[in-house]
Amino acid sequence: MTKTGVLAAQQLRQMITQGAIHATPAILPEQVQPASLDLRLGTMAYRVRASFLAGKGRPVAERLAEFEMHRMDMTDGTVLEKGCVYVIPLMERLALPAGLSAVANAKSSTGRLDLLTRLITDGGTEFDRIPDGYDGPLYAEVCPRSFSVLVRAGQRLNQIRFRHGQAVLSDADLAALHTVEPLVDGTPVISEGLGFSVDLRPTTGDLVGYRAKPHTGVVDLDRIGHYPAAEFWEEIRTLDGRIILDPGAFYILVSREAVTIPPDYAAEMAPYLAMVGEFRVHYAGFFDPGFGHAAAGGAGSRGVLEVRCHEAPFVLEHGQVVGRLVYERMAERPDALYGEKIASNYQGQGLKLAKQFR
């Protein structure tokens, strides 16, 4: 496995067979995505006083002993309460060969629930970053921000992507790719990735987004299409192409551009520079090969934006650049692309809430 790039599904299955990724119970076929692996929650959740990183040379288990308040058995389900921080050992472990590193991110539905989920590792000094050759356990730090949630062992809140070397496309490479395979349905804004902007002038109607309500019931993550959106979300409407973000509030908005990820590439959403405004975009940042691509049943898919406003009210206007997609080459083309054939939830999406809502 020497070719530079992001590892594809068939390469992940090879890693599982060789023991570089292993788990108890065994990894399920449906965990393997075109360019990532879904990670499963273990059977125990630890309520901790504060978020933490293990720190160089220190195991997470040692730090848990410092910060643990109580623990909960998740076998039959448990409620993670809004505003609290939990650390949950994952079922998967890694024994990465030299030259192979990894990065983690929340799954799409996790981010759309404002469920902050980050990976931590033994000796880790950064969230969601797994160094070359890491050998050890994995943990999820979970902090529900808007809604309390009912979770169970085996559920998948985050995912991991493996890289051999660095394969990020330069701006020149990205511009060249766009001439061959259009990446957006318009003139691309290319600067350290592909820029995207917010859509606050929909082609029909005046619904531009949703704001999480502050006092709601519990969301059971297994209940798909179950909860009336109006019980958890306030609709955001505008006729003048702008909205004012409230400090501390969480919003679901949508990009103006329809995005395409060609089959030989993967992408990750990166937040825009903090200096452009008092807000942060995205928890869930992986875009798989085939997202929005015609070969996978797409015709361009817009990016859903998970937006949290920070210190001061901020005016967000139609067409304002709010983030960028960083494209990387795949080490191999995946044997299955994101889309209908693997029951992907968000192919061809527009403004869309998490799959638990109707």
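These remarks concern the structure in this document. (Residues numbered from 1 in each chain as written. Predicted model: local features only at pLDDT ≥ 70, side-chain atom pairs only at ≥ 80, totals over all residues. Heavy atoms only, no water.)

### Comments concerning the sheet that holds strand S22 (residues 279-281)
One open sheet holds the five strands; their spatial order is S18-S16-S20-S24-S22, and the pairing between them is antiparallel. Bordering the open sheet on either side are strand S18 (233-237) and S22, each of which pairs with just one other strand. Each adjacent strand pair in this sheet contributes to an overall mean axis angle of 30°, direction not counted. (Pairing = 2+ DSSP bridges. Helix = DSSP H or I, 4+ residues; strand = E, 2+ residues; numbered from the N terminus. Axes fitted to C-alpha atoms, helices over the stretch in contact; angles between N-to-C directions.)

### Here's the deal with the side chain of Thr-260
Along the chain, Thr-260 falls in the loop between strand S20 (250-259) and strand S21 (265-271). A distance of 3.4 Å separates the side chain of Thr-260 from the backbone oxygen of Gly-292, its partner in a polar contact. (Polar contact = N/O pair within 3.5 Å; in protein donor to acceptor, adjacent residues only side chain to side chain.)

### A short note on the sheet that holds strand S17 (residues 219-220)
Judged by pairing direction, the sheet is mixed, and its three strands sit side by side in the order S6-S12-S17 without closing on themselves. The sheet is open, and its two borders are formed by strand S6 (78-80) and S17, each paired with just one other strand. Note: S6 against strand S12 (residues 149-151), three bridges, orientation antiparallel. What sits directly across from Val-79, in S12, is Leu-150.

### Points about the nonpolar core
Counting 52 residues, the largest nonpolar core has Met-15, Leu-94, Ile-160, Phe-162, Val-219, Trp-233 and Phe-357 as the members making the most contacts within it. Residue contributions to this core peak at four residues, all from strand S7 (residues 85-95). Apart from residues lying up to four places away in sequence, Phe-162 is in contact with Gly-5, Val-6, Leu-7, Leu-12, Met-15, Ile-21, Leu-94, Leu-96, Ser-101 and Ala-102. One finds Ile-243, Ala-267, Phe-287 and Leu-325 within the second-largest nonpolar core, a separate group that totals 34 residues. (Core = buried A, V, L, I, M, F, W, Y, C linked by side-chain atoms within 4.5 Å. Buried < 20%, exposed > 50% of the residue type's maximum accessible area, 1.4 Å probe, protein only. Contact = heavy atoms within 4.5 Å.)

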